[in-house]
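Chain and residue survey
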Amino acid sequence: MIVRESHPKRRTLRVVTFRDRPDLLGAVAAWKNVWPDFLLHGQEARRRFGEARKAFPDFFLFLVDGAGRVAGSGFAAPLAWAGTAETLPEGWDGALLQSLDDHAAGRAPTAACALSAIVAPHRQGRGVGRQVLAALRDVAASHGLGALLAPVRPTLKSLYPLAPFERYIEWKRADGSPFDPWIRLHRSMGARVEHIALCSMVVRAPLRNWEQWTGLRFPESGPYVVPGALCPILVDCDRDEALYEEPNLWMIHRLA
Ligand SMILES: CC(C)(COP(=O)(O)OP(=O)(O)OC[C@H]1O[C@@H](n2cnc3c(N)ncnc32)[C@H](O)[C@@H]1OP(=O)(O)O)[C@@H](O)C(=O)NCCC(=O)NCCS
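Report follows, based on the coordinates. Note that the coordinates shown come from a computational prediction; the quantities given were computed from them, not determined experimentally.

1. Observations concerning the pairing of strand S6 (residues 147–152)
The element S6 is extensively covered by neighbouring structure, given that 6 of its 6 residues are classed as buried. A two-sided burial pattern is seen for S6, the buried positions comprising Ala-147, Leu-149 and Pro-151 on one face and Leu-148, Ala-150 and Val-152 on the other. With 3 bridges connecting them, strand S5 (residues 111–119) and S6 associate as parallel partners. When the sheet's bridge partners are listed, Ala-111 is paired in S6 with Ala-147. A crossover connection joins S5 to the parallel S6 through helix H5 (residues 128–142); in handedness this β-α-β unit is right-handed. As paired elements, S6 and strand S10 (residues 241–254) share 6 bridges and run antiparallel to each other. When the bridges of S10 are listed, Leu-148 appears paired with His-253.

2. A word on the layout of surface pockets
Within this model, the second largest pocket holds a volume of roughly 260 Å³. By residue class, the composition of the lining of the second largest pocket is 13 nonpolar, no polar and 2 charged.

3. Some thoughts on the site of the ligand
Taken together, the neighbourhood of the ligand is formed by 19 residues, with Ala-117, Val-119, Gly-125, Gly-127 and Gly-129 sitting nearest. Take Arg-173: an N or O atom from its side chain is 3.4 Å from an oxygen atom of the ligand. When the ligand sits alone it has 910 Å² of accessible area, and the protein chains cover 69% of it. Mapped by element, the contributors of at least two residues to the shell around the ligand are S5, H5 and helix H7 (181–188). The greatest single-element share of the shell around the ligand, amounting to 4 residues, is contributed by H7.

What counts, and at which threshold
Sequence order as written defines residue numbering, which begins from 1 separately in each chain. Where local features are concerned, this predicted model is filtered to residues with pLDDT of at least 70; where side-chain atom pairs are given and counted, the filter is 80 or more; whole-chain, interface and lining totals use all residues. To obtain the side-chain values, all non-hydrogen atoms of the structure were used and water was disregarded. Exposure is judged per residue with a 1.4 Å probe applied to protein chains only, and the accessible area is read against the type maximum: over 50% gives exposed, under 20% gives buried, and values in between give partly exposed. Numbering goes from the N terminus for both helices and strands, where a helix is a DSSP run of H or I of at least four residues and a strand is a run of E of at least two. By this definition, two strands are paired if DSSP reports at least two bridges between them. The definition of a right-handed crossover adopted here requires that, viewed with the strands pointing away, the path from the first strand over the helix to the second runs clockwise. Lining residues are defined by having an atom within 4 Å of a point belonging to a cavity or pocket. Those points lie on a 1 Å grid over the protein atoms alone, cavities being sets where a 1.4 Å probe fits but cannot get out and pockets being open sets with protein on both sides within 12 Å along at least five of seven lines. Grid points are joined across faces, edges and corners, and a volume is the space filled by probe spheres set on the points. Three classes are used, and their members are as follows: Ala, Val, Leu, Ile, Met, Phe, Trp, Tyr, Cys and Pro are nonpolar, Asp, Glu, Lys and Arg are charged, and the others, Gly among them, are polar. Nearness here has a simple test: a residue counts as near a molecule or strand if at least one of its heavy atoms is within 4 Å of that partner. The term polar contact refers here to a pair of N or O atoms within 3.5 Å; inside protein, the definition further demands a hydrogen-donor-capable atom paired with an acceptor-capable atom, and it admits residues adjacent in sequence only when both atoms are side-chain atoms. To be clear on the numbers: accessible area is Shrake-Rupley with a 1.4 Å probe, and residue cover counts the displayed protein chains and nothing else.

So far we have only geometry, and geometry alone does not tell us how the molecule works.
Next comes the structure, spelled out in structure tokens:
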């Protein structure tokens, strides 16, 4: 089923749901190098991502072009949010687990939380990201939800892993707009910063896994910069493990 045209002027992309076209997931899964490998091996929340897809198939969206190719995807989960910064989940992990708990307990959702927004690698930088966010806002609004919550993963932060997160998110361009393009896009669509989620996604794993994911060796304990991470990982050779705690920025799109 076609949910709506996401770009009424050009009508080039339409939005379809996972409920109607589960087969399209394969196209998104085939996109390479979207996330650093280690991010796909988070704790409980990451392992339960598939459950969210089954529980909320109308909130898992694909943007499809006229030739039937997937140009982008946006995944979200509805949850019961009390409407204040204090009552936001801890971060991405917390939001996903809360949405599943709320669903199991039959609690009525009040907001949707964006879990992922991806544009096909060869189509990035052409405005599809904006359409993905617009589709997520629309699906939340069409379900009567009052907000789209976004634990924003700033896209350029991994290039500045040593910059403190709370400073990086304040960086501005010459025109005064946010330095980071993904924060900038959310903001240009009316989202407001509510809160820093210092521990949004957690990955704790044996060093052999980290070596496989990063191609690096970790001869002694301490912080290490690894490709794709927004901040250093902490290596503990005595425990034979490393810990990554990813910071995200809670931005809220209040919906009419
Ligand atoms: C983040 C992402 C969804 C943005 O989608 P997009 O279609 O490329 O974004 P847009 O074309 O709408 O561009 C938005 C802004 O980002 C800028 N931008 C896009 N890609 C960029 C890049 N690689 N480097 C620097 N700036 C970039 C655009 O120039 C634009 O800037 P503007 O505000 O000055 O106009 C896409 O790059 C992506 O899929 N990245 C990998 C997954 C990811 O990180 N998702 C976000 C976290 S969930």
